[in-house]
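Chains, contacts and geometry: an overview
Here's the letter readout for the chains.
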Amino acid sequence: MWTDLPAPVTEALERLENGGYQGFLVGGCVRDLLRGVPPTDYDMTTSAKPREVMALFADKTVVETGIKHGTVTVFSHGMPLEITTFRTDGSYSDGRHPDGVTFASTIEEDLSRRDFTVNAMAWSPKTGLVDPFGGREDLKKGLIRCVGEPSCRFDEDALRILRGARFASVLGFALEENTQRAIHAQAPLLAKVSIERITTELVKLLCGTGAVEVLTAFRDLIAFLLPELPMETYDTRLQALASVPRKTDLRLAVLLSDLPSYEAGKLLRRLRMENKLILRVTALIREQSTLLTCTDTPDLLRLFRSFPPELAEELLILTEALHGTSMAQMRTRVEGLLASSPCLSVAQLAIGGKELMELGIPAGEQMGEALQMLLEGVTDGKWENSREALLAAAKSWHSVC
Ligand code: ATP
Ligand code: MG
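Residues numbered from 1 in each chain as written. Chains lettered and ligands numbered in written order. Predicted model: local features only at pLDDT ≥ 70, side-chain atom pairs only at ≥ 80, totals over all residues. Heavy atoms only, no water.

**Some remarks on the overall build of the protein chain**
For the protein chain, the count of helices and strands is 21 helices and 11 strands. In terms of overall dimensions, the protein chain is more spread out than a globule: its C-alpha atoms have a radius of gyration of 28 Å, far above the 21 Å expected for 401 residues. Buried positions account for 50% of the 401 residues belonging to the protein chain. Considering only contacts within the protein chain whose residues lie at least 6 apart along the sequence, 62% involve residues at least 24 apart. When the accessible surface of the protein chain is summed, it comes to about 18,500 Å², and 52% of that surface belongs to carbon and sulfur atoms. Treating the 44 positive side-chain charges of the protein chain as one cloud and the 54 negative ones as another, the clouds have centres 1 Å apart. (Helix = DSSP H or I, 4+ residues; strand = E, 2+ residues; numbered from the N terminus. Rg over C-alpha atoms; globule rule 2.2 N^0.38 Å. Buried < 20%, exposed > 50% of the residue type's maximum accessible area, 1.4 Å probe, protein only. Contact = heavy atoms within 4.5 Å. Areas by Shrake-Rupley, 256 points an atom, 1.4 Å probe, with all protein chains shown as cover. Lys, Arg positive; Asp, Glu negative; His and termini not counted. Charge placed at Lys NZ, Arg CZ, Asp CG, Glu CD.)

**Points about empty space enclosed by the protein**
Sizing a probe to match a water molecule and rolling it over the atoms shows the empty space that remains. The tally for this structure, following the rule as stated, stands at two cavities of 30 Å³ or more. For the largest cavity, the calculated volume is near 60 Å³. Contributing to the lining of the largest cavity are Thr199, Leu202, Val203, Leu206, Leu226, Leu252, Leu255, Leu256, Leu267, Leu268, Leu271 and Met273. Only helix H9 (195–206), helix H13 (248–255) and helix H14 (261–270) provide two or more residues apiece to the lining of the largest cavity. Tallied by class, the residues present in the lining of the largest cavity amount to 11 nonpolar, one polar and no charged. Built from parts of two domains, the lining of the largest cavity gets at least three residues from each of domain 2 (142–225) and domain 3 (230–342). In this structure, the second largest cavity encloses a volume near 40 Å³. Taken together, Pro8, Glu11, Ala12, Arg15, Phe57, Lys60 and Ser76 make up the lining of the second largest cavity. The biggest single contributor to the lining of the second largest cavity is helix H1 (residues 7–18), with four residues. (1 Å grid on protein atoms, 1.4 Å probe; cavity = no way out; pocket = protein on both sides within 12 Å on 5 of 7 lines; lining within 4 Å. Points joined across faces, edges and corners; volume = space filled by probe spheres on them. Nonpolar A, V, L, I, M, F, W, Y, C, P; charged D, E, K, R; others polar. Domains from an automatic or database assignment.)

**Some words on the site of ligand 1**
Taken together, 14 residues are adjacent to ligand 1, and Arg31, Asp157, Arg160, Arg163 and Arg166 come closest. Within the backbone of Gly28, one N or O atom sits 3.3 Å away from an oxygen atom of ligand 1. Note that an oxygen atom of ligand 1 is positioned 3.1 Å from one of the side-chain N or O atoms of Arg114. For ligand 1, the protein covers 77% of the area, taking 590 Å² as the surface of the free molecule. Judged by the fraction of its atoms near the pocket grid, ligand 1 is located in the largest pocket. If one sorts the elements of the shell around ligand 1 by residue count, helix H7 (residues 159–171) sits on top with four residues. For the shell around ligand 1, the residue count by class is one nonpolar, four polar and nine charged. Here the shell around ligand 1 gathers at least three residues from each of two domains, domain 1 (1–140) and domain 2 (142–225). (Near = heavy atom within 4 Å. Polar contact = N/O pair within 3.5 Å; in protein donor to acceptor, adjacent residues only side chain to side chain. Sits in = over half its atoms within 2 Å of the grid points.)

**Here we look at the layout of surface pockets**
Estimates place the volume of the largest pocket at around 1,400 Å³. Forming the boundary of the largest pocket are 43 residues, of which Asp43, Arg114, Asp115, Arg163 and Arg197 lie nearest the centre. Mapped by element, the contributors of at least two residues to the lining of the largest pocket are helix H2 (28–35), strand S2 (43–46), strand S3 (61–66), strand S5 (79–85), H7 and H9. Among the elements that line the lining of the largest pocket, the one with the most residues is H7, at seven residues. When residues of the lining of the largest pocket are assigned to domains, at least three fall in each of domain 1 (1–140) and domain 2 (142–225). Considering only enclosed or pocket space, the second largest pocket measures out at about 150 Å³ in volume. Lining the second largest pocket we find Ala168, Gly172, Phe173, Ala174, Leu175, Gln180, His184, Gly210, Glu213, Val214, Ala217 and Phe218. Only strand S11 (174–175), helix H8 (177–186) and helix H10 (211–217) provide two or more residues apiece to the lining of the second largest pocket. Examining the composition of the lining of the second largest pocket, we find that three residues originate from one element, H10, more than from any other. Broken down by class, the residue content of the lining of the second largest pocket amounts to seven nonpolar, four polar and one charged.

**Points about the side chain of Arg166**
Tracing the backbone through its elements, the reader meets Arg166 in helix H7. Arg166 sits in the buried class, given a relative accessible area of 10%. Contacts of Arg166, omitting those with residues within four sequence positions, involve Glu201, Lys204 and Leu205.

In structure tokens form, the structure reads like this:
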């Protein structure tokens, strides 16, 4: 597990040691390596001060990502390595940001500021594993446990409350009893945390392997974070959540499916989600039952005139999950229909604005209406999507306008 680290990682650790400093892998990557899961990134911690790290890696691209907090990013063979000086976080008077960062002299001090025991381990080729809080044991047991006294750690930084639930969900772990109790008791402290940070953790939580268990056990936390959610139907929605893939748009659509789509949109905007994601989730919510009443091809074409065809599979999955009905036959029909490249937008019509202007239809609102009318006629099967048929339809429409 420690033998097949990427070359830039071992090189950087060696360089720190050769420079007379200590250098460790730390946090998530150590946890993941011990679990036998490839880490998403490799964070390091060192006794070298940020300026010393920069001097040591002067031949590489170095970015001062968080120099105030002791972090620089070294790009080695294209791989970003975050290297942070050993530090303690001092006191927290606002429940979110340390008042000041103090550099520490030992790895143990650095590990003691970290949130959970499984995240508070370090490893170096020279020292091996440093695990002062029993992280390895908790990893074996599948437990998320605060480093130190949970209520103090959550008072210091309320984001940890949600991170605890997030790690339990993502890793499929249980929460140690005191940590669990403190999450319930201190959830309202999350009011101090910025919405962006909450959203990042919440999305990871929703997409974790243990999401349903965590959302069930911490419904009070979710009700606090998302007061817009109707809680009477919460458990039914969680059952549906278990049966959809762990994708952000689908999971959000299930969780918010009892809200009108515009209310869901408002909530997602409050959470500062990306616009594209909001559009996908609200479209899924709006059409969550439409497929149940689609009996013929024009019905389906009408749906896909306003609903993005690339989300068809997700809509089928959502419909299945929320209504408990098999969509197998419908899936075959939808796939067949979309594979035949049907005309679903005015851009796909056999004629465009130029031809309509030649018929005397003025550009602007009336042109838009004409194109929409032609598209609806095609998808409803009133006429074909051919030049002749569309010109004839446009002429007769224009003559009665
Ligand atoms: P992931 O794989 O999801 O990135 P991670 O463990 O790397 O998980 P990060 O949010 O990237 O999580 O944080 C890196 C490390 O920094 C953590 O493992 C933990 O040791 C420490 N850490 C991060 N946020 C906090 C916090 N709010 N309080 C204390 N320690 C924290
Ligand atoms: Mg990380």
